[in-house]
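Topology and contacts: notes
Okay, here's what each chain looks like letter by letter:
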Number of protein chains: 4
Amino acid sequence: MTHRVRYGMVGGGEGAFIGAVHRMAARLDDGWELVCGAFSADAIKARRSGAALGVPAGRCYDNFTAMMAHEALLPTAQRMQCVVIVTPNHLHLPVALAAFQHGFHVLSDKPATASLSECRELAARLRHSGVHYGLTHAYSGYPMIREARARIARGELGAVRKILVEYTQGWLALPIERDGQKQAAWRLDPAQAGVGGCMGDIGVHAFQLAEFTTGLAVQELSAHLHSVVPGRKLDDDGTVLLRFGNGASGVLVASQICVGDENNLRLRVYGDQASLDWQQMEPNSLWLRGIDGPAQLLRTGGAGTGPEAAAAQRVPGGHPEGYIEAFANLYREFGQLLQHGGVTSVPGIETALRGMAFVETAVASSAAGNQWLPLPACLAPASD
Amino acid sequence: MTHRVRYGMVGGGEGAFIGAVHRMAARLDDGWELVCGAFSADAIKARRSGAALGVPAGRCYDNFTAMMAHEALLPTAQRMQCVVIVTPNHLHLPVALAAFQHGFHVLSDKPATASLSECRELAARLRHSGVHYGLTHAYSGYPMIREARARIARGELGAVRKILVEYTQGWLALPIERDGQKQAAWRLDPAQAGVGGCMGDIGVHAFQLAEFTTGLAVQELSAHLHSVVPGRKLDDDGTVLLRFGNGASGVLVASQICVGDENNLRLRVYGDQASLDWQQMEPNSLWLRGIDGPAQLLRTGGAGTGPEAAAAQRVPGGHPEGYIEAFANLYREFGQLLQHGGVTSVPGIETALRGMAFVETAVASSAAGNQWLPLPACLAPASD
Amino acid sequence: MTHRVRYGMVGGGEGAFIGAVHRMAARLDDGWELVCGAFSADAIKARRSGAALGVPAGRCYDNFTAMMAHEALLPTAQRMQCVVIVTPNHLHLPVALAAFQHGFHVLSDKPATASLSECRELAARLRHSGVHYGLTHAYSGYPMIREARARIARGELGAVRKILVEYTQGWLALPIERDGQKQAAWRLDPAQAGVGGCMGDIGVHAFQLAEFTTGLAVQELSAHLHSVVPGRKLDDDGTVLLRFGNGASGVLVASQICVGDENNLRLRVYGDQASLDWQQMEPNSLWLRGIDGPAQLLRTGGAGTGPEAAAAQRVPGGHPEGYIEAFANLYREFGQLLQHGGVTSVPGIETALRGMAFVETAVASSAAGNQWLPLPACLAPASD
Amino acid sequence: MTHRVRYGMVGGGEGAFIGAVHRMAARLDDGWELVCGAFSADAIKARRSGAALGVPAGRCYDNFTAMMAHEALLPTAQRMQCVVIVTPNHLHLPVALAAFQHGFHVLSDKPATASLSECRELAARLRHSGVHYGLTHAYSGYPMIREARARIARGELGAVRKILVEYTQGWLALPIERDGQKQAAWRLDPAQAGVGGCMGDIGVHAFQLAEFTTGLAVQELSAHLHSVVPGRKLDDDGTVLLRFGNGASGVLVASQICVGDENNLRLRVYGDQASLDWQQMEPNSLWLRGIDGPAQLLRTGGAGTGPEAAAAQRVPGGHPEGYIEAFANLYREFGQLLQHGGVTSVPGIETALRGMAFVETAVASSAAGNQWLPLPACLAPASD
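Residues numbered from 1 in each chain as written. Chains lettered and ligands numbered in written order. Predicted model: local features only at pLDDT ≥ 70, side-chain atom pairs only at ≥ 80, totals over all residues. Heavy atoms only, no water.

1. As for the confidence of the model for chain A
Note the threshold: Residue-level confidence of the predictor is summarised by pLDDT, bounded by 0 at the bottom and 100 at the top. Contacts were defined at the residue level, with two residues in contact if any of their heavy atoms lie within 4.5 Å.
Taken as a whole, chain A shows an average pLDDT of 86; of its residues, 92% reach a score of 70 or greater. Here residues 378–384 of chain A scores under 50 on pLDDT; set against residues more than four positions off or in separate chains, the count is 15 contacts.

See the structure below:
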């Protein structure tokens, strides 16, 4: 099947979080194929991870340098076309530069690099590389964010005056980085994370979302960053005041010490005619509130949404995002049953019989003047 | 990659809804591989659909009979292992029987068949077939439904007394089946749908969810079905009163004429000690309300949830289901860029630069006493 | 002040719930004045209750018979005009009849009487009495219910097809009536409550709300009532299927054994053009969902609501119902301070100073380039 | 009835908003009695307003000076005890000082005065006056705010680290003050409002709520105020960064140009052990989220709430605030019927009959095997 993009992954081995998300996302629409990887700095772990992913042993590399070099020698139709970078931040630049050098496209997790000067180098080297570079700010992929962006671009809010964006989490409220929590440890280590802690991890998402959705550019900012948990070298909390190019003001609140908050990303945009309000915890809903008339609730796939949202959705209106995952759970479990046997949660013939018994008995009861009727008993043969 | 289940699909060609959902679900965890299909009753459409899905022409069959016959002749390591049935209801039985006959496993969309007698035949034939049969009641795959089931099984609700389950939609409020809406047309045609209209389409989901989650079996029912839109031969609305084996009572409301409702599936289970409340429109939330103490909100991946929910989730707590789809949108768009070029919504180097500029300027401003600082201008080289 | 309606209360003494609500409601708009009462069947308690309410001793009666007789002899300008009945159900009829006999208007808590035959007697006697009779189905007083009624009357929903009304509570999930809980005890005693338990207590509210809001009359019903807690003589749970005069169907669910539910009263009305959805737990919100376009959220006092809702609200849009109570708490506490001294939660001069310091310092800081400025310390003189 | 506090009101005449709220709050618990007033700067309007309120003509004064002077001469048992000030801000000081001078208590609407120096004068004069002074920050009267304060005081949140408080409204998004909207006009006029616009009107509420609930004092602030609508002399929008005494940081966002927002007052307090989240638009709910375990939803009157909340509520758990107002609507309408006749929305005998018919028919249907039974027709005698 030649229509898929062949990609190699750097990082994303055992125990990683975001690498697995990238792979699922890549598979969902069948447009990508994982052909190789340097999944870990630990070569043994790298190979074990690759094997578990079905990557041929010959294309599980010890490090990204080897990966670039070997892949570049493969026939065009076989070699990877794109490198997906899911390492800690400090490796983003060297991996990307190596990819550029060998002519591979790059799709990188955020933030782009560990510092602005690194990023400028990235930009300069990209310029004449002839390849594409993408950055996975996932929140900009939500259908209702696309809807919001389209409506703002069409002027439905009038002139944008005020932007409130917040991203609060609670998972770093305690110093778990000292207890060996890997995700916390590298994010709070300047050598791996770069200059920003909370700002580099989630603040930059909030920033990107505000600019992406409104089409406005921040021109000035005033920041108030804190390391609330004693001993941290990087910020774990902060407020940044923003001035946009059109004169609008903004408030960006990002924090990882907000006990009890999950991934509370919310964007509110106020124009002089209307406002929009979106929260990641209920991503299928977008509130539109005008200066007159009742508030409107726009929903993914619902009436009144436009082609931008439609292009970004996979199931008809009313099925929440997550429906696919629920479905996939049944596939996973049935696949396990087929390959390994055992007990399963997937509904089987007993459920099938009961379901049909329900439908028929309901029809019969209704036809018989709502009579109470028993469901036929002992429906299933002995072994389901 | 020999670890995937090889499957063939019957139905699910161009314009179909649920077939595409099945394929995405099958891909998500990389455990399944689509190797063949009879995607449509229209042979030309079937081939075109297969080609678009990357299925080799030689394994795009004109009909399911041909598919079964040919696949059975292929070497074991190549031939399909499982048939996925996503046709209108009246074909569920013949396809499944053909699969059983050739020794293929079956994963079928619901309802199992067009009638209970068909389903009994299915069960009888399955019994000695040596294959597995699964039915995709997708809602039972949600993590919080697994959590609910586990808690009820552990007795956290005490004795279950009352079950309220409702599934209301509005899409059939008008007679759209007469205007060529394909999804509506077959669902309201007894020849294709079977005896149940709304009950067979969504009522059976509500029924299965109630039984699956509580572990209780309905023993008797009294039904009140209606064809609200004049001229319909099947029910489009109804209420079914339920009596469960343990003496609990239930009310099942299913309707497709509830204007404005999307897929309002909700399950409430009341025990003598506590109750649970779940809604598909916010599938990551499960309310637990006890006889004492405040209500608790259980969340997918959140504190207090158990291994059953954890086994069914893919992203850490706080990321909503749907996060993967948002991510996948970026993959889709970047893939299109790589293969076809053009303009993209995927964040690129400009975003990368602005993001790093944001983080660094925020750190600098904060360090300088919250001074207002400009973001460096003209960040990106001429071509992004 | 001659503009108030003078009323006497029967029931509502110490420990009663609904009597106190009636009195607060009567006071809110200053249109009523409590001039006398027979507050309890226990004469000592009746007098003590009256004294606490500021009713002159001479008009605190031992029983309603005495009250009627004595009040009728007072000069017109003094005597009560209306009897408010807040007793257990079985006394509603005799009190009302006595009132009719003496020419007093009646405002009665629901249900009207303990049985339909009693109610017929009530109606017959009312007919030629020349007085007015009112029944406090409080839920019909909410602004958004008025809004809903007006919209349905105007035909905005098209033909009403389906009505779902539910009222579930959990407070009777355990047999608390055996532990001396007074509110539970009389409601579950046929001698005091009449034929209906849950149905008479809250089911009748749901019924009234459905008829009041839609303007439709139930013509037939099929009921499924249960006494879930063993030993109860009256229903504590039930489902009633309804057929309305225009052919619409309805489902009424009422229960008092739904553990964890507070006063979950919800009404959904589906027409062929649009639907309405209202919940008492958030009484200021009313959802309007059309066959096209996004859902609209109508809010008390908000844009798009009409004169019917406006006539029933007291505070401008955006202040929730409950705002008055919050305000009243300060009045209550400040009044206690004035009369009894002590410590208070009412903000005082310290708060006054801090508030002004906040405003001025904010203005000064902003004017000085967002400089951090201290709030003036030691603001208040020694004794607040 | 000697138990009520006798008060006089300054301001609050025809067309005023907050004066009417004060009066309703004063009446709710029957602890206050309006005995006199200077309701408007316009003497004719003042008298007309007083008459409408049932205040005797002899105690409707032309101005507050006259009111103080005359009331002071009345016998102790008759004269007012407390002055309630509900004028524009610039009159708060002179009225309060006059009250102090004559020995009257003062209950004042916020903000205390038009400037901090005025407020200092107020404090100094109060000090030796021997009277009480109260300030109606109504939001501190909500039961769930009392609950939050009690829990924070008990240390349930651990050390407070971060406070987010926001109060956004949209009603000043357009320059309505130029179109004669009275409420807008004085609030944006420095001569009447003082130095703060949005900050003095609602920012000070947010500030007070944060300090009141947490028991912490702001020590420093950095403010960013804006006049978004061109031509305004006072701020209509702003963000104020806060530093509390214990080292916690805070962000206060207040705005009146947030199109579509009603009275969006929200307070979030994050400790190192747990957090609290409260919103005025749903004042009966308070979220408590710990570092472990599921989030808990505390509700007014619900399980798990303490005596502080209980002391501030009037109806049992489950009845929303607003229930009293709904009730009061029926009283208002029935009172109008009694005094003026006409058509009413108050349920009457027809409703009474239908309600009892419902209960009895439900019981009968259930007893008869859920048979469909008609409701008795033509229930009411000819005239209701």
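2. Some details on the interface of chain C and chain B
Formally: Here the quantity called buried area is the total loss of accessible area, with a 1.4 Å probe, experienced by two parts when brought into contact, counted for both. A pairing counts as a salt bridge when a side-chain nitrogen of Lys or Arg comes within 4 Å of a carboxyl oxygen of Asp or Glu. Contacts described as polar in this section are N or O atom pairs within 3.5 Å, which, within protein, must combine one atom able to donate a hydrogen with one able to accept it, while residues neighboring in sequence count only if both atoms come from side chains. A helix here means a DSSP run of H or I that spans at least four residues, while a strand means a run of E at least two residues long, and both kinds are numbered starting from the N terminus.
Contacts between chain C and chain B engage 37 residues on the former and 37 residues on the latter. Summing both partners gives a buried area of about 2,700 Å² for chain C against chain B, and 57% of it is carried by carbon and sulfur. There are four salt bridges connecting chain C and chain B. Notably, a salt bridge pairs C:D237 with B:K162, separated by 2.8 Å at the nearest N-O pair. Where chain C touches chain B, the interface holds 10 residue pairs in polar contact (both at pLDDT 80 or more). Only β6 (160–168), β7 (218–226), β8 (237–244), β9 (249–255), β10 (264–271), β11 (274–279) and β12 (285–290) of chain C provide two or more residues apiece to the side of chain C that touches chain B.

3. Some thoughts on the sheet that holds strand β5 (residues 133–135) of chain C
Residues and elements named next belong to chain C. Filter applied, for reference: We call two strands paired when DSSP finds no fewer than two bridges between them. Angles shown run from 0 to 180 degrees and are taken between the N-to-C directions of axes, each axis being a line fitted to C-alpha atoms and, for helices, limited to the stretch in contact.
Ordered by their spatial adjacency, five strands build an open sheet running β2-β1-β3-β4-β5, and the pairing between neighbours is parallel. Edge strands, defined here as strands with exactly one partner in the open sheet, are β2 (32–38) and β5. Recorded for the sheet is a direction-independent mean angle of 25 degrees between the axes of neighbouring strands. The sheet contacts of helix α1 (residues 18–28) involve β1 (5–11), β2 and β3 (82–86), and relative to β1 the element is tilted by about 175 degrees.

4. With respect to the interface of chain A and chain B
So the rule is basically this: Following the grouping adopted for this structure description, the nonpolar residues are Ala, Val, Leu, Ile, Met, Phe, Trp, Tyr, Cys and Pro, the charged ones are Asp, Glu, Lys and Arg, and the polar ones are all others, Gly among them.
On the chain B side, the residues contacting the 142 residues of chain A number 143 residues. Contact with chain B buries area across many residues of chain A, yet A:Y331, A:F358 and A:W372 alone supply 7% of it, more than any other trio. Inspection of the chain A/chain B interface yields four salt bridges. When the shortest N-O distance is used, the salt bridge between B:E262 and A:R299 registers 3.1 Å. Partitioning the side of chain A that touches chain B into residue classes produces 81 nonpolar, 39 polar and 22 charged. Taken together, the three bridges between strand β14 (residues 372–374) of chain A and strand β7 (residues 218–226) of chain B define a ladder with antiparallel strand orientation. If you follow A:P374 over to β7(B), its bridge partner there is B:E220.

5. Describing the relation of the copies chain C and chain B
Using the following cut-off: In this comparison the copies share one frame, found by least squares on the C-alpha atoms of residues holding pLDDT of at least 70 in both.
Turning chain C through 180 degrees and shifting it by 0.0 Å along the axis lays it on chain B, with an RMSD of 0.0 Å. Expressed as an axis order, the relation between the two copies is that of a two-fold axis. When the interface residues of chain C are mapped onto chain B, 100% of them again lie at the interface, so the same face is used by both copies.

6. Things to note about the packing of aromatic side chains
What counts is decided by this rule: For Phe, Tyr and Trp, rings pair up if their centres lie within 6.5 Å, where Trp contributes its six-membered ring, and each pair is then called stacked (planes under 30 degrees apart), edge-to-face (over 60) or tilted (otherwise). For every residue, the accessible area obtained with a 1.4 Å probe (protein chains only) is divided by the maximum for its type, and the residue is called buried under 20%, exposed over 50%, and partly exposed between those limits.
Within the structure shown, the criterion is met by 21 aromatic pairs over all chains. With 5.6 Å between their ring centres and 40 degrees between their planes, B:W287 and D:W287 make a pair best called tilted. In this pair, B:W287 is assigned in strand β12 (residues 285–290) and D:W287 in strand β12 (residues 285–290), connecting two distinct chains. Considered together, B:W287 and D:W287 belong to a single accessibility category, that of buried residues. Look at D:Y142 and D:W278: their rings are 5.3 Å apart centre to centre, the planes differ by 50 degrees, and that puts the pair in the tilted class. Taken as a pair, D:Y142 in the loop between β5 (133–135) and α6 (143–153) and D:W278 in strand β11 (residues 274–279) lie far apart in primary sequence, 136 residues in all.

7. Some words on the environment of D:D189
Residues and elements named next belong to chain D. Among the secondary structure elements, D189 is positioned in the loop between α7 (182–187) and α8 (190–193). Using a relative accessible area of 27% as the deciding quantity, one classes D189 as partly exposed. Separated by 43 residues in sequence, D189 and R232 place their C-alpha atoms 8.6 Å apart. Setting aside residues up to four positions removed in sequence, D189 forms contacts with G194 and L234.

8. Considering the packing of helix α4 (residues 92–102) of chain C against helix α5 (residues 116–127) of chain C
Helix-helix packing is described using two parameters, namely the angle between the two axes and the distance between the axes. All names here are of chain C. In plain terms, the rule: Here the angle decides the label: under 35 degrees means roughly parallel, over 145 means roughly antiparallel, 65 to 115 means roughly perpendicular, and every other value means oblique.
At a closest axis distance of 10 Å, the pairing of α4 and α5 adopts a crossing angle of 5 degrees. Taken together, the axis directions place α4 and α5 in an arrangement best described as roughly parallel. Facing α4, whose interface residues are L93, A96, L97 and F100, α5 presents E118, E121, L122, R125 and L126. Per-class residue counts for the contact of α4 with α5 are six nonpolar, no polar and three charged.

9. Some details on the side chain of B:D235
Residue and element names in this part refer to chain B. Counted only if it meets this: A residue counts as positive if it is Lys or Arg and as negative if it is Asp or Glu; His and the chain ends are not included.
Note on placement: D235 falls in the loop between β7 and β8 (237–244). Buried and unpaired, D235 has no salt bridge, with R232 as the nearest side chain of opposite charge at 9.6 Å. At 2.9 Å, the side chain of D235 forms a polar contact with the backbone nitrogen of M199. When near neighbours in sequence (up to four residues on either side) are disregarded, D235 contacts V195, G196, G197, C198, M199, L225, H226 and S227.

10. A few points about the environment of D:A362
Here D:A362 lies in helix α12 (residues 349–367). Between the alpha carbons of D:A362 and D:W372 there is a distance of 9.4 Å; along the sequence they are 10 residues apart. Those residues in contact with D:A362, other than ones at most four positions away along the chain, are C:L221, C:A223, C:L225 and C:V240.

11. Side note on the relation of the copies chain A and chain B
Screw-axis analysis of chain A against chain B gives a translation of 0.0 Å along the axis, an RMSD of 0.1 Å, and a rotation angle of 180 degrees. Looking at chain A, 100% of its interface residues are interface residues in chain B too, so the copies touch through the same face.

12. A few points about the pairing of strand β12 (residues 285–290) of chain A
Residues and elements named next belong to chain A. Of all six residues in β12, five are buried; the element is thus mostly enclosed. Strand direction decides the pairing type here: strand β11 (residues 274–279) and β12, joined by five bridges, are antiparallel. Among the inter-strand pairings, S275 is bridged to a residue of β12, identified as R289. Counted between consecutive antiparallel strands, the loop separating β11 from β12 contains five residues. The pairing of β12 with strand β13 (residues 295–299) spans four bridges and is classified as antiparallel. Its bridge partner being in β13, S285 is matched across the sheet by R299. Where β12 folds back onto β13 in an antiparallel hairpin, the turn is made up of four residues, including G293, whose phi is positive at roughly 80 degrees.

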